[in-house]
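Reading the structure
What follows is each chain in one-letter form.
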Amino acid sequence: QVSDDVVKIGVLNDQSGTYADLAGPGSTLAAQMAVEDFGGTVLGKKIEVVFADHQNKPDVGSSIVNRWIDAEQVDVVVDVPTSSVALAVQEITNRKGKVHLNSTAATSDLTGKACSPTGVHWTYSTTALANGTGKAIVAQGGKNWFFLTADYAFGHALERDVSKVVKEAGGEVKGVVRHPFPNQDFSSFLLQAQASGAQVIGLANAGADTINSIKQAGEFGITQAGQKLAGLLVFLSDIHSLGLDTAQGLQLTTGFYWDMDDEARAWSKKFAARHNGAMPTMAQAGVYSAVAHYLKAIKEAGTDDGKKVVDKMKELPVKDFFARNASLRADGRMVHDMYLVEVKKPSESKGPWDYYKVLRTISGEEAYGPMSPACSLAKG
Amino acid sequence: MAEVLLKVSDLQAFYGESHILHGMNLEVGQGEVVTLLGRNGAGKTTTLRAIMGMVGQRSGSIAFEGTETIGLPSNKIARLGVALCPEERGIFASLNVEENLLLPPVVKPGGMPLEEIFDLFPNLKTRLKSQGTKLSGGEQQMLAIGRILRTGANLLLLDEPTEGLAPVIVQQIGAVIRKLKEKGLTILLVEQNFHFAATVSDRHYIVEHGRVIDMIPNAEVETQLDKLHTYLGV
Amino acid sequence: MIRILGLVVLVAAALAAPYFFYPIFLMKALCFALFACAFNLLLGYVGLLSFGHAAFLGTAAYITGHSMKVLGLPPELGILAGTAAAALVGLVFGWLAIRRQGIYFAMITLALSQMIFFYALQAPFTGGEDGIQAIPRGYLLGFIDLTSEIALYHFVLAIFVFGWLVIYRTIHSPFGQVLKAIRENEPRAISLGYRTDHYKLVAFVLSAALSGMAGSTKTLVFQLASLTDVHWHMSGEVVLMTLLGGMGTVFGPVVGAFLVVSIQNYLAQMGSWVTIIQGGIFVVCVLLFRRGIVGEFLALVRKLREKQARTG
Amino acid sequence: MASGEFVLETDDLSKEFKGFFAVRGVNLRVRKGDVHALIGPNGAGKTTVFNLLTKFLTPTSGRILYKGEDITRTSPADIARKGMVRSFQISAVFPHLSLLENVRIALQRELGTSFHFWKSDASLAALNDRAEVLLDAVGLTEFRSHMAGDLPYGRKRALEIATTLALDPEMLLLDEPTAGMTHEDIVRITELIGKVAQNRTVLMVEHNLSVVSNLSNIITVLQRGEILAEGSYDEVSKMPEVISAYLGTGNG
Amino acid sequence: MFELLGIPPQVLFGQLLLGLINGAFYATLSLGLALIFGLLNIINFAHGALYMMGAFVAWLLLNMLGIGYWPSLFLAPVLVGLFGILLEKTMLSRLYKLDHLYGLLLTFGLALMIEGLFRQMYGVSGLPYPIPDALKGGQNLGFMFLPNYRSWVVVASLLICFATWFLIERTKLGSYLRAATENPALVQAFGINVPRMITLTYGFGVALAGFAGVLAAPIYSVNPLMGSNLIIVVFAVVVIGGMGSIMGAILTGFGLGMVEGLTKVFYPEASNTVIFIIMAIVLVLKPAGLFGRAR
Ligand SMILES: Nc1ncnc2c1ncn2[C@@H]1O[C@H](COP(=O)(O)OP(=O)(O)OP(=O)(O)O)[C@@H](O)[C@H]1O
Ligand SMILES: Nc1ncnc2c1ncn2[C@@H]1O[C@H](COP(=O)(O)OP(=O)(O)OP(=O)(O)O)[C@@H](O)[C@H]1O
Ligand SMILES: [Mg+2]
Ligand SMILES: [Mg+2]
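Residues numbered from 1 in each chain as written. Chains lettered and ligands numbered in written order. Predicted model: local features only at pLDDT ≥ 70, side-chain atom pairs only at ≥ 80, totals over all residues. Heavy atoms only, no water.

This next bit is on the arrangement of the chains. Of all six pairs of chains sharing an interface, the pair with the highest contact count is chains C and D. There is a clear gap between chain A and chain D: no contact, and 34 Å between their nearest C-alpha atoms. (Contact = heavy atoms within 4.5 Å.)

And the structure:
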């Protein structure tokens, strides 16, 4: 029983704005590859991939999703960076009984107060980032923190989650400065961070904001003077645009690194060959993994009904080049190993895209913690 | 009459929809001073502006030193040696007197050196650094004439140079015009004040409704005074 | 006769449209059409270019969203509340800006709307970057279930028609006559004894209120109020719609809004090409079709008629 | 001085533009029922005086009294409401409205519905008859549904006068009403002004001396912002200072 | 030692200095904008896009032709300026007689197209551009570490601003320009090719934007969107300074940079908005801007 005789996958993301490089067309490609690897059909019906640009605007995103579901037989919405759009999509898909496979949005609300029986959060979340980077750095002795926070919901959430982890681990938050979003010049905020005397400057921002903060921190000699930068949400594509010269030594948490083992390398090289040589970010790899698992679940469940498929996804074991020691929890959270990595020095890098060395594997339980009581699905 | 320097034939000019000049014909000889007389709104200023190339829509023929200029932009016409002292004087508020004076570029050799201009208008020399529009009306008029003397233009178009000026200054300007004529410059003058015009001009064209309706040589002014008065509505 | 026939066809088409086109798309276009018409009231009929109209759209969206989701007001009251709030903001903006002209008017409205944006970003009730989400559509007058897209469509259509009629009536009213006079020659209107500032202010508030009504309705359709609605890009977009369709015409902004919304909707797959195409349309419009689509069309019709009159 | 005699008086009226006095210490007295002409060379300050009187410019110093009331600080629209209405030197019509609508704009204020955006403009049709009468008076009836912007210059001036008259002002300020008109137009407008001046006061700026001599019973000559002379046409035109400053020709 | 609202004076001083650096960008950009508005009567919305182009041209010169920072500092503005001249010749020159609105719309459309094209070709995450070797490192001023490159930015833009001011207020060319803003027809009637001068002015104004772009390249990542958020602020600067006033644009640019710097200390969330608050206040109190002449 496949509705409308087609399984249609809608990749909804930022195709041209701030997040276009870390997800964007690369995510569409990843979804496409998952479909191809699956064989192009499921239950004898064709699988199709469509995509659209939500421009990071919730209204644009929700009007696309509404149209997709109502008029274009889309069964699953995939990727969806930008928390505000993701929450809007979660709401619509929940109401209309379609599946939402989120890879790129950060907000842990997707499996918290906004959780849905058809919503799945695949790649990472603010909680995981906080537990990964926050805990690790405090453990290394970085006890005093100062936050550079993008002044919007995502930044606040990240700052809140990391602060909590830092405090629990015995650290201290010396100060916070909230910068407008987006922002170009961070020197003033960096100087305040410097004046605070904190050991660690946590960058609770994303995309171009993070890049510029890191770049300018280097320029103002902040890292040379002994303060440590913690990128709380940094993608491989960000490091690529920063260059190792500037980014070296930065510690961050990621859900995936293309060079972490043979399996990952094999897939990533296939991906890069079709993506101008650019290696996949965790967001893009996550899209592949999520779509592949989703198709498998359709096949097993024998239907493309949203609720039933997600239930099946939760039943089936999750395992591929991306998801290690993984399982899909009742609240829709895909719990898997995360990695604390450090950006290599230019001298250590053996070639293009050789950027990270993995410092530590963070187990899924540690990274994602227990289910949120705010989620109605958590009880069951 | 001397060699023709400027020949205007069948000149038509428009401001947007309104047709202002209806077939203007006139000639100015080398070294002559010629006046356009006429009532307010007759089209005198428009004639000068059309010769200068400053009226967008114009047709007919304007020949300067044998060159047809009807299709040229005003900067090209200026480079041929024509200069205008506009009705409203056109002193620039954002420039001081000196800058105003030095603004028009030299277009031909033989322009008047600054020293001579200062001899002609001693007032200017003392006010070089003040803002152009802070000068009195008479001084502004001097500045407007002075600045085109420098350029070497050999045809000067003066639009009501005596307007709003005290009689003494009018006399002074009359003297200047005569001096310029001695130097061999050609002048086309627009005037309301025909008593003044009579003291400097060789000939007078009478303009009405955008065309020349009569020409009176200066020598005959006395005898044709009545006709003139009816033309000018005095 | 032809007019009445045309009207009948138009009404029939509007009523039947949701069965042929995707209703949410139609509703979005209707909301923006109302917004553009309201904006056009100011630009096309008073000659004031506001670069801050997003403030009204956005304020109303937030107020409606908040009052329906948190206070649980029914949709009709929610929309009323949003519209009233926009009118209030319009009164303040207008009072500060109305004495300025041209680019200064545009800039002061921009500045004020940036402040609204800042407030929307900071104030807790707006939900910051996330906006107010999952706003219930509720029951119209207590019994019409607006979760039905067709029912909602007809409600939105009714609001649009109401707003459009208000604008149409305003333009063709004694008041509109004075506005036109002010646009054409303000000093003359003053010399005839009109306190033009008051008229401009009333027009401004009216435009703000109707923009607000568009914003409230949009909230109802998308069940969402977000920062996009108050961003200056939105103020720019409405200028685009109006000019594209033809400012100073009653149908121009409607056509412009439908066109822009379609471009955004159907070209969503094209990424940056959307902005390139949009920019290109702007450039072509300014260089070639300065009167906008409807404006150029009307000019053409007028030309043909004149020709006919001359020959016939 | 009995102020009942004068409709409009100015006390030492001056206007300075950044150090330049366009109008300096002008004491103008306009008697009720007069046609008062203001003449002077270009740039004498005539238009500026007009702008000061109608508050399009604020005086630098001095006072303006209208029917004994100080209106120095009154807003332009309110001046018009008090019955003092002006025309403009550069013709001031509403170009994209028809002639009829142009005149109606002036008439419609008294209906009191000018803020009624919910009323149909069909309600303005009640004013059509009066508008037609006014158009007829300036000879524009046949163009009533033309756009004002399409009229030739002279007709625009006529329309402007019709619009001004529509307010039925007690005091009319005309800035060069015949400028740019053909001879024929001038005759008609002169007649018209003569007619309407019978029961109101007119202050006009005019360059056309035949119009001035025909219409006005008193003339004030301005020069460089100051009053140079005042009197009837015959008196003024014989004054040597007026001849040298304005009339330009000697006595013959 | 005295403290202002709990902020030690060194920090305050440091922030002012940083504000000055930002002000340098505002000043250079708004200078070009003011110049273009003064002479062409066009509100050049494409200014931000052209600033971005300056940075990109420098990046392309480096990565395609191996041409480094110093030659780019000259070459990139020239190339951007030439591009501006092309725009002026083919499009803007048709709009001079029309309302401001049309110039604004056309340049807005151009900005969208230029930004879209660069986005299409180079993505949005930004491209790195290194600080030139000669300017690496910085000075420890005691209260803060001042990178050499930032000092250079201030010096360079002060120089350019002063040079432009000198050119316009103190030279013959400048007197042509100023006279042409008052009465272009008369200036042309003196024999000056005013249309060409206008074209060149546009080219120059745009080149200033390109220059600012090159200056910015090593600090901010070279990004197709780098100008789109800046343009609206720079606009505000020009309006506050007084449209068309050269000195107004320069002083307001530096001044607002510093005000913004202070806001970043006291109320960082509002640092993007403070300029608009100032603009609203200025426009309500002084309609023609701080240094503007009513036209
Ligand atoms: N820019 C313009 N637009 C429209 N009409 C104009 C313009 N300039 C002048 N006119 C009209 O053209 C006609 C001729 O004007 P022009 O200035 O040539 O007259 P003039 O003979 O110089 O008069 P005056 O003695 O007042 O200087 C007048 O009717 C005037 O109103
Ligand atoms: N806004 C202003 N700023 C500066 N100077 C002005 C302004 N308005 C007028 N002037 C000057 O004031 C003087 C008087 O101008 P006004 O227009 O009143 O003269 P007028 O007598 O009406 O002349 P015309 O017969 O040419 O209309 C002129 O020298 C003029 O340049
Ligand atoms: Mg003249
Ligand atoms: Mg005048």
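In this section: the state of the cysteines. Residues and elements named next belong to chain A. For the structure on display, the rule yields one disulfide over all chains. Paired by a disulfide, Cys115 and Cys375 hold their sulfur atoms 2.0 Å apart. Here the S-S torsion is close to 90 degrees, and the disulfide linking Cys115 with Cys375 is therefore right-handed. Here Cys375 lies in the segment after helix 13 (364–368) and Cys115 lies in the loop between strand 5 (99–102) and strand 6 (119–121), a separation of 260 residues in the sequence. (Disulfide = S-S within 2.5 Å. Helix = DSSP H or I, 4+ residues; strand = E, 2+ residues; numbered from the N terminus.)

A word on the coordination of the magnesium ion (ligand 3). Working reference: metal with six octahedral donors, ideal angles 90 or 180 degrees; metal with four tetrahedral donors, ideal angle 109.5 degrees. Residues and elements named next belong to chain B. Protein coordination at the magnesium ion (ligand 3) comes from Thr45 (OG1) and Glu87 (OE), with a distance range of 1.8 to 2.3 Å. Placement of Thr45 in helix 1 (residues 44–51) and of Glu87 in the loop between strand 6 (82–85) and helix 3 (97–102) is noted, with a sequence separation of 42 residues between them. Looking at Glu87, the relative accessible area reads 28%, which means it is partly exposed. (Donors = N, O, S within 2.8 Å, 3.2 Å for Na, K, Ca; no water. Buried < 20%, exposed > 50% of the residue type's maximum accessible area, 1.4 Å probe, protein only.)

Right, let's get into the interface of chain C and chain D. In this assembly, 25 residues from chain C lie in contact with 37 residues from chain D. Interface of chain C and chain D: buried area, both sides summed, is about 2,700 Å²; carbon and sulfur atoms make up 62% of it. Our count for the contact surface shared by chain C and chain D stands at one salt bridge. For the salt bridge of Arg195 of chain C with Asp78 of chain D, the shortest nitrogen-to-oxygen distance reads 2.6 Å. Here chain C is connected to chain D by twelve residue pairs in polar contact (both at pLDDT 80 or more). When residues in the side of chain C that touches chain D are grouped by element, the largest group, seven residues, is from helix 7 (residues 174–184) of chain C. (Buried area = accessible area lost by both parts, 1.4 Å probe. Salt bridge = Lys/Arg side-chain N within 4 Å of Asp/Glu carboxyl O. Polar contact = N/O pair within 3.5 Å; in protein donor to acceptor, adjacent residues only side chain to side chain.)

This part covers the interface of chain A and chain C. Opposite the 27 residues of chain A that make contact, chain C presents 22 residues. Buried surface at the junction of chain A and chain C, both sides included, amounts to about 2,300 Å², of which 52% is carbon and sulfur. Across the contact surface, chain A and chain C share zero salt bridges. Where chain A packs against chain C, one counts seven residue pairs in polar contact (both at pLDDT 80 or more). Those elements giving two or more residues to the side of chain A that touches chain C turn out to be strand 3 (45–53), helix 2 (58–71) and helix 3 (83–96) of chain A. Among the elements that make up the side of chain A that touches chain C, the one with the highest residue count is helix 2 of chain A (nine residues).

Turning our eyes to something else, we now look at the packing of helix 7 of chain C against helix 9 (residues 196–222) of chain C. Two numbers describe a pair of packed helices, the interaxial angle and the distance between the axes. Residues and elements named next belong to chain C. Across the interface, helix 7 lies against helix 9 with an axial gap of 10 Å and an inter-helix angle of 115 degrees. The orientation of helix 7 relative to helix 9 falls into the category roughly perpendicular. Relative to helix 9, the crossing made by helix 7 is left-handed. Here helix 7 contributes Phe175, Val178, Leu179 and Ile182 to the contact with helix 9, which in turn contributes Thr196, Tyr199, Lys200, Val202 and Ala203. Grouping the amino acids of the contact of helix 7 with helix 9 by side-chain chemistry returns seven nonpolar, one polar and one charged. (Axes fitted to C-alpha atoms, helices over the stretch in contact; angles between N-to-C directions. Parallel < 35°, antiparallel > 145°, perpendicular 65-115°, else oblique. Left-handed = near helix turned anticlockwise from the far one by under 90°. Nonpolar A, V, L, I, M, F, W, Y, C, P; charged D, E, K, R; others polar.)

Looking now at the environment of Ser201 of chain B. Residues and elements named next belong to chain B. Summarising the element assignment, Ser201 is placed in the loop between helix 8 (194–200) and strand 9 (203–208). In this structure Ser201 comes out as buried when scored by relative accessible area, which is 5%. The contact partners of Ser201, leaving out residues within four places of it in the chain, are Val33, Val34, Thr35, Leu189 and Asn218. At 2.2 Å, the side chain of Ser201 and the side chain of Thr35 are in polar contact.

Residue and element names in this part refer to chain A. If you walk across this open sheet you meet the six strands as 2-3-1-4-5-6, and the pairing is mixed. Edge positions in the sheet fall to strand 2 (41–42) and strand 6, since each has one partner strand and no second. As paired elements, strand 2 and strand 3 share two bridges and run antiparallel to each other. Bridging from a neighbouring strand, Val42 pairs with Lys45 of strand 3. On top of the sheet, helix 3 reaches strand 1 (6–13), strand 4 (74–79), strand 5 and strand 6; it is set at about 155 degrees to strand 5, its chief contact. (Pairing = 2+ DSSP bridges.)

This paragraph deals with the site of ligand 1. Residues and elements named next belong to chain B. The environment of ligand 1 is made up of 13 residues, and the closest members are Gly41, Thr45, Thr46, Glu87 and Gln192. Ala42 places a main-chain nitrogen or oxygen 3.1 Å from an oxygen atom of ligand 1. Taking Thr46, its side chain carries an N or O atom lying 2.4 Å from an oxygen atom of ligand 1. When the free accessible area of ligand 1 is taken as 630 Å², the share hidden by the protein chains comes to 65%. Ranked by residue count, the leading element in the shell around ligand 1 is helix 1, at three residues. The residue makeup of the shell around ligand 1, split by class, is three nonpolar, six polar and four charged. (Near = heavy atom within 4 Å. Areas by Shrake-Rupley, 256 points an atom, 1.4 Å probe, with all protein chains shown as cover.)

Residue and element names in this part refer to chain C. The grouping of Leu7, Leu10, Val11, Leu15, Phe251, Val255, Leu259 and Ile293 at the surface amounts to a nonpolar patch, some 670 Å² of accessible area in total. Listing elements by their share of the nonpolar patch, those giving two or more residues are helix 1 (2–20) and helix 11 (252–266). The element best represented in the nonpolar patch is helix 1, accounting for four residues. Along the chain, the position of Ile293 falls in helix 13 (residues 292–311). (Patch = residues over 30% accessible without salt bridge, like charges linked within 9 Å, V, L, I, M, F, W, Y side chains within 5 Å.)

Before going further, it helps to examine the packing of aromatic side chains. Aromatic rings considered in pairs are described by the distance between their centres and by the relative angle of their planes. Residues and elements named next belong to chain E. In total, this model carries 37 aromatic pairs over all chains according to the counting rule given. Here the aromatic rings of Phe56 and Phe118 are separated by 4.9 Å at their centres, their planes lie at 50 degrees, and the arrangement is tilted. Pair noted here: Phe56 is in helix 2 (residues 47–65) and Phe118 is in helix 4 (residues 100–122), with a separation of 62 residues, a long-range link. Relative accessible area serves as the criterion here: at 0%, Phe56 is assigned to the buried category. (Phe/Tyr/Trp six-rings, centres within 6.5 Å; stacked < 30°, edge-to-face > 60°.)

Everything listed is a geometric property; what it means functionally is a separate question.
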